[in-house]
Amino acid sequence: MSRKPKIERFNQDVLSKYQIYNSIFMTLPFDKVTNTGVLLPLFKEVCDRGFANKKTPTQIVESFFSEYQQNLTEDDKNTLLFRFIQYIERQVVLFDAIEDAAFTEVNNMDGRGTLRSIKEEAFEKGKIEQMRNFLSDFKIRPTLTAHPTQFYPGTVLGIIRDLDKAIRKDDLLTIKKLLAQLGKTAFFKKEKPSPLDEAVSLIWYLENVFYNAVSNIYDYIKDNIFTDKVPFNNDIINLGFWPGGDRDGNPFVTTEITIQVAEKLKSSILSNYYKDVRKLKRRITFADLPEKINNLELKLYQNIYYPSKETDFTLTYFKNELNAIRISLIEEHNSLYLNELNGLINKVNLFGFHFGTLDIRQDSRVHHKVFMEIVKDAGGNLFPSNYNDLTEVEQCNILSGIKAAVDPELIGDEMAKKTLGSIYAMKKIQAENGEAGANRYIISNNQTALNMLEAFAMIRMCDWAQPTVDVIPLFETIPDLEVADTVMEQLYSNPEYMAHLKRRGMKQTIMLGFSDGTKDGGYLMANWGIYKAKEAITAMSRKYDIKVVFFDGRGGPPARGGGKTSQFYASLGPTVEDDEIQMTVQGQTISSNFGTVDSCQYNLEQLLGAGISNELFENANVVFTDDNRAVMEELANISYKTYSDFKGHEKFLPYLERMSTLKFYAKTNIGSRPSKRGSSSELKFSDLRAIPFVGSWSQLKQNVPGFYGVGTAIKDFEDRGEFNKVVKLYNESKFFKALLENSMMSLTKSFFDLTAYMQKDPEFGAFWDIIHDEYKLTKRLLLKVSGHEELMENELAGKASIQIREEIVLPLLTIQQYALKKIQDMQRGDGEIDKETFEIYEKMVTRSLFGNINASRNSA
């Protein structure tokens, strides 16, 4: 029986079910919101009609009250608007659960990009041996971060998971109960989470999702692509983890929390092993094997609940005992339940005692200040008295030879103590969880070789002369990306650092920041700048026989390196090292792309498939010809200038500060990290974090970072009669095609009618026009380049999902803009501001952030 088109499957299994279950949800009685389910559809109709007739959000809200609720007081009106927000938040949750439940129906789990599909293609093309050779070394590393874009509290995530199960079974009674529970469950966090809270929330995904999805993939590769004669011994998927280790701009991450998170990671993986051992215990009930399994069960239990006691239970011991049971099953018991045991052995090989590697990260500017404090307080014989007066080259030479055991307590500066403490914590974690527990130190905002060597020296000053740690620079801004290869050559030329690399297997990991790159240089230049940096660093590293691994700092939306990321990895070509794919997975993207075992396995397979395809099949459309490279370079440069001019506009920061939701991100209590760098009350562009920056444009439904400058760059070619060059680049470069298709997603999620009232604003009207004009230009030219009639026309199911989500939150966005306009009018007025009323509207804006962010799924 033929499979229906994806859009038909989506309409049948997602849209139809949402309409049914939403109608049930709207009729359920909740405390204090009895009539809301009746009034919300009416308000939605007024919003649709109002925007179609060019009404402002204020006019729409006021017309609704005059048409349907004439006799309400101002307090009653505001109460009803808050109730609408509550309902819409829960409608989004319902849609999430339905879409998750339908994942395997809407997506072809054996289709293009999956391991089964690629294995069959390799067999057909006689490349199965090539595929096996590649998979023997290739790795992917998704790294979970706790950056504040996840708005669902744990209680709501639990309801989504239970709704998913009930919807799959069409269990209407349970669904009604869960929807009633959802209506009464709080979405708003009264206090900010601690870094430990964030870590515990994300470890839930490791325990319940990644543990099974990763092992399913590993088992499939081992059993279906490799054979007994050609064994598979590569831990192909490694997990990274940032909560509790990422100190960049987060003063709440302490040495104690770092150690607590590592302990939680270990106890979590041991708990999963414990459950699997108990399952085996019910099956392997013969000969002397129950005694061996009972022994493992007891030791796991003791290490989970009484970890402080001395124990001989090491990872090596655990593996040896499991392998002894395996040999006994094969040799004495006809391999009975061997597959079940092999599954556990595979998991132990994948996750060890660490589960996920806890990365430590800090900003280079903090490092430099810390290092100066160390030189001042503990320099002694380590540094010459004139160290601060030396040239950078002279300082690098001194740093590369430093080895010591500095006691953090001898340092007066608190940040210096914490920084050294984090390094001593890494040593402790490695002793408890294994080297993979914490063996990466990342320097964000890395600009020079000195930045790297300061961190390297600090590690070696913690009684760690030959550290089992990879020092990883993070290059973020456009100027830093342009000199990244030069910085790396300085390090490769340093004898001490090269000796360190030899001990680490001649492998250097380098992180590249899409989020801050886009914030700094705009969409096209950030992506092209990172691509060129990868090419240059690859060439430089190959010159020194060093295997370079690129770690991409990606966020959810295209503006932060998100979107269809697998397409980018399939388009890199031979000039970019591709033996590993490493990337951050942030906030909402964790729950939306990796929130269930099915979606997690599918998306991990897409990443694996992208790497395999890039190596085995994608010979055409991945290498830039000289002509195409010249066009790409010119497009990037024009867009960079366009974006830089826009960013330099005198109204740029005031517009964000006063017309958007930027300042409200700090009030949402969704993340432990402050919403901006620095403590200044004045808004500075350099202090802006990428998440609230991109998210604020998303809340405005303008999505500037995902398209601004693209249209102007293409128009330059159109104006001089060379538009065909851009079309040729689009048709011949998978990289450029992926860029434009992701930008189309940003345009699809834009809705300028929402903020059209700003066009008449005396201060910001002209600035709004600049943004709107670039939007219209970019949309026109992307359709012209692609030959499409409408945006995302080759991704109809994805577009339908976006459109439904946008329809759900349109009333919420209308309320948000209504409240923002009230705040603006009060601030511009001559009279004294009524504090109580002002705070109500501020709260309304803050609460409206939740539903919109969650509905977009990759908006920040």
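Predicted, not measured: the structure shown is a model, and the values here were computed from it.

## Details of the overall build of the protein
Assigned secondary structure in the protein consists of 35 helices and 9 strands. Against the 2.2 N^0.38 benchmark of 29 Å for 860 residues, the protein shows a C-alpha radius of gyration of 28 Å, consistent with a compact globule. Here the protein, with 860 residues, has 60% of them falling under the buried criterion. Residue pairs in contact within the protein that sit at least 24 positions apart in sequence constitute 81% of those at least 6 positions apart. Just so you have it, the protein exposes about 33,800 Å², and 48% of that area is on carbon and sulfur atoms. Looking at charge distribution, the protein has the averaged site of its 106 positive side-chain charges lying 3 Å from that of its 116 negative ones.

## Observations regarding the sheet that holds strand 3 (residues 357-358)
Pairing is parallel across the open sheet formed by 9 strands, whose spatial order is 3-2-1-9-8-7-6-5-4. Only two strands of the sheet have a single neighbouring strand rather than two, namely strand 3 and strand 4 (360-363). Pairing geometry for strand 6 (residues 470-475) and strand 7 (residues 507-513), over 2 bridges, is parallel. Within the sheet, the bridge partner assigned to F475 lies in strand 7 and is L512. Contacting strand 3, strand 4 and strand 5 (440-444), helix 17 (residues 414-433) crosses the sheet at an angle of about 150 degrees to strand 5. Relative to the sheet, helix 26 (residues 597-616) contacts strand 1 (139-145) and strand 9 (580-586), its axis offset from that of strand 1 by approximately 140 degrees.

## Describing helix 20 (residues 484-492)
Restricting attention to buried positions, one finds in helix 20 the residues A484, D485, V487, M488, L491 and Y492. One side of helix 20 carries all its buried residues, which in axial view fall inside an arc of 160 degrees.

## Focus: a nonpolar patch on the surface
Judged by side-chain polarity, Y301, Y305 and Y306 come together as a nonpolar surface patch covering roughly 340 Å² of accessible area. With respect to the element layout, Y305 can be found in helix 12 (residues 289-305).

## Here we look at the packing of aromatic side chains
As enumerated under the stated definition, the model contains 52 aromatic pairs in all. Note on W204 and Y205: the rings are 5.1 Å apart at their centroids and 85 degrees apart in plane angle, and the pair reads as edge-to-face. By relative accessible area, Y205 is classed as buried at 5%. By way of ring pairs, the aromatic residues Y211, Y273, F313, Y317, F318, F351, F353 and F355 are connected into one cluster. Across from the ring centre of F551, 4.9 Å away, lies the NZ or CZ of R440, which sits over that ring.

## So, helix 6 (residues 115-124)
Regarding helix 6, the residues found buried are L115, S117, I118, K119 and A122. Looking at the packing, one finds that the buried side of helix 6 touches helix 7 (128-135), helix 10 (195-225) and helix 26. Following helix 6 by one or two positions, G126 adopts a phi angle in the positive range, close to 65 degrees.

## Description of the side chain of N451
Assignment of secondary structure puts N451 in helix 18 (residues 449-460). Here N451 falls in the buried class, since its relative accessible area comes to 9%. Within the structure, N451 has its side chain in polar contact with the backbone nitrogen of Q447 (distance 2.8 Å). Among the polar contacts listed, one links the side chain of N451 to the backbone nitrogen of T448, at a separation of 3.1 Å. The contact partners of N451, leaving out residues within four places of it in the chain, are S364, I443, N445 and N446.

## A look at unusual backbone geometry
Peptide bonds are mostly trans, and most non-glycine residues show a negative phi. If you check the backbone angles, N445 has positive phi at about 55 degrees while not being a glycine. Overall, the relative accessible area of 8% leaves N445 in the buried class.

## Thoughts on a negative patch on the surface
On the surface, D75, D76, E832, D834, E836 and E839 cluster together into a negatively charged patch. Relative to the helices and strands, D75 is located in helix 4 (residues 74-101).

## Points about the state of the cysteines
Enumeration over the complete set of coordinates arrives at 0 disulfides. Distance from the sulfur of C396, which forms no disulfide, to the nearest cysteine sulfur (C462) is 19 Å.

## Here's the deal with the nonpolar core
Grouped together as the largest cluster of nonpolar side chains are 197 residues, with contacts concentrated most on F210, F241, Y273, L635, Y655 and W697. The leading source of residues in this core is helix 10, at 14 residues. Each residue touching F210, except ones within four places of it in the same chain, is listed here: P142, L144, Y205, S215, L239, F351, F594, C600 and L604. Of all hydrophobic cores here, the second largest spans 68 residues; its members include I24, L39, L80 and L163.

## Some points on the pattern of salt bridges
On inspection of all chains with the given rule, the structure shows 56 salt bridges. Taking the shortest distance from any N to any O, the salt bridge between K376 and E373 comes out at 3.3 Å. Remark: E373 and K376 occur in helix 15 (residues 364-378); sequence separation between them is 3 residues, near one turn of the helix. For K376, a relative accessible area of 58% translates into the label exposed. For E373, a relative accessible area of 22% corresponds to the partly exposed category. Residues D470 and R504 are paired through a salt bridge, measuring 2.8 Å at the closest nitrogen-oxygen approach. Here D470, found in strand 6, pairs with R504, found in the loop between helix 21 (495-503) and strand 7; they are 34 residues apart in sequence, far enough to count as distant. Residue classification places D470 among the buried residues on the basis of a relative accessible area of 14%. Each member of the salt-bridge network shares a partner with another, and the members are E634, D716, R720, E722 and K725.

## A short note on the environment of N108
Mapped onto the elements of the fold, N108 is located in the loop between helix 5 (103-106) and helix 6. N108 sits 102 residues away from K6 along the chain, and the two C-alpha atoms are 8.6 Å apart. Within the structure, N108 has its side chain in polar contact with the backbone nitrogen of D110 (distance 3.1 Å).

## As for the pairing of strand 1
The buried fraction of strand 1 is high, at 7 of 7 residues. Judged by which residues are buried, strand 1 turns out to be covered on both faces: K139, R141, T143 and T145 on one side and I140, P142 and L144 on the other are all buried. Across 7 bridges, strand 1 lies against strand 9 in parallel orientation. The residue of strand 9 that forms the bridge with R141 is Q582.

## Details of the environment of F717
Within the secondary structure, F717 sits in helix 30 (residues 710-719). The exposure class of F717 is buried, given its relative accessible area of 1%. Separated by 86 residues in the primary sequence, F717 and V631 place their C-alpha atoms 9.2 Å from one another. Sequence-distant contacts of F717, that is, excluding residues within four places in its chain, are made with V631, E634, L635, I638, E722, F723, K725 and V726.

## Brief notes about the side chain of R9
Tracing the backbone through its elements, the reader meets R9 in helix 1 (residues 6-27). At a separation of 2.4 Å, a polar atom in the side chain of R9 contacts the main-chain carbonyl oxygen of K4. A polar atom in the side chain of R9 sits 2.6 Å from the backbone oxygen of V106.

## Describing the confidence of the model for the protein
For the protein, per-residue confidence averages 88 on the pLDDT scale, and residues scoring 70 or more make up 92% of the total. The least confident element of the protein is helix 22 (residues 514-521), whose mean pLDDT is 74; the most confident is strand 3, at 98.

## Digging into the environment of N233
Tracing the chain through its elements places N233 in the loop between helix 10 and strand 2 (240-241). Taking relative accessible area as the criterion, N233 reaches 65% and is therefore assigned exposed. The spatial distance from the C-alpha of N233 to the C-alpha of L524 is 40 Å, given a sequence separation of 291 residues.

Cut-offs and rules
- Residue positions within a chain follow its written sequence, with the count starting from 1.
- Thresholds applied to this predicted model are a pLDDT of at least 70 for local features of residues and 80 or more for the giving and counting of side-chain atom pairs; totals over whole chains, interfaces and linings are not thresholded and use all residues.
- The side-chain numbers reported here are obtained from all heavy atoms of the structure, hydrogens and water having been left aside.
- Strands here are runs of E lasting at least two residues and helices are runs of H or I lasting at least four, both read from the DSSP assignment and numbered beginning at the N terminus.
- We compute the radius of gyration over the C-alpha atoms and compare it with the globule rule, which gives 2.2 Å times the number of residues raised to the power 0.38.
- Relative accessibility decides the category of a residue: with a 1.4 Å probe and only protein chains considered, values under 20% of the type maximum give buried, values over 50% give exposed, and everything between is partly exposed.
- Throughout, a residue-residue contact means that at least one pair of heavy atoms, one from each residue, lies within 4.5 Å.
- Shrake-Rupley sampling with a 1.4 Å probe provides the accessible areas, and residues are treated as covered by the protein chains on show and by no other component.
- In this tally, Lys and Arg are treated as positive and Asp and Glu as negative; His is ignored, and so are the chain termini.
- The location of each charge is read from NZ of Lys, CZ of Arg, CG of Asp or CD of Glu.
- Two strands qualify as a pair provided DSSP detects at least 2 bridges between them.
- Throughout, an axis means a line fitted to C-alpha atoms (over the contacting stretch in the case of helices), and angles, computed between N-to-C directions, take values from 0 to 180 degrees.
- The arc in question is the one traced by the directions running from the helix axis out to the C-beta atoms.
- Candidates for patches are residues over 30% relative accessible area with no salt bridge; among them, like charges are joined within 9 Å and nonpolar side chains (Val, Leu, Ile, Met, Phe, Trp, Tyr) within 5 Å.
- A carboxyl oxygen of Asp or Glu within 4 Å of a side-chain nitrogen of Lys or Arg is what we treat as a salt bridge.
- Pairing of aromatic rings covers Phe, Tyr and the six-membered ring of Trp, with a centre-to-centre limit of 6.5 Å; geometry is then stacked below 30 degrees between planes, edge-to-face above 60, and tilted otherwise.
- The rule for a charge over a ring is simple: NZ of Lys or CZ of Arg within 6 Å of the ring centre, and within 35 degrees of the ring normal.
- A 3.5 Å cut-off defines polar contacts: any pair of N or O atoms within that distance qualifies, except that in protein one atom must be a possible hydrogen donor and the other a possible acceptor, and neighbouring residues in sequence count only when both atoms are side-chain atoms.
- Working definition: a disulfide is two cysteine sulfur atoms within 2.5 Å of each other.
- Put simply, buried Ala, Val, Leu, Ile, Met, Phe, Trp, Tyr and Cys residues joined by side-chain atoms within 4.5 Å make one nonpolar core.
- Per-residue confidence from the predictor is reported as pLDDT, which spans 0 to 100.

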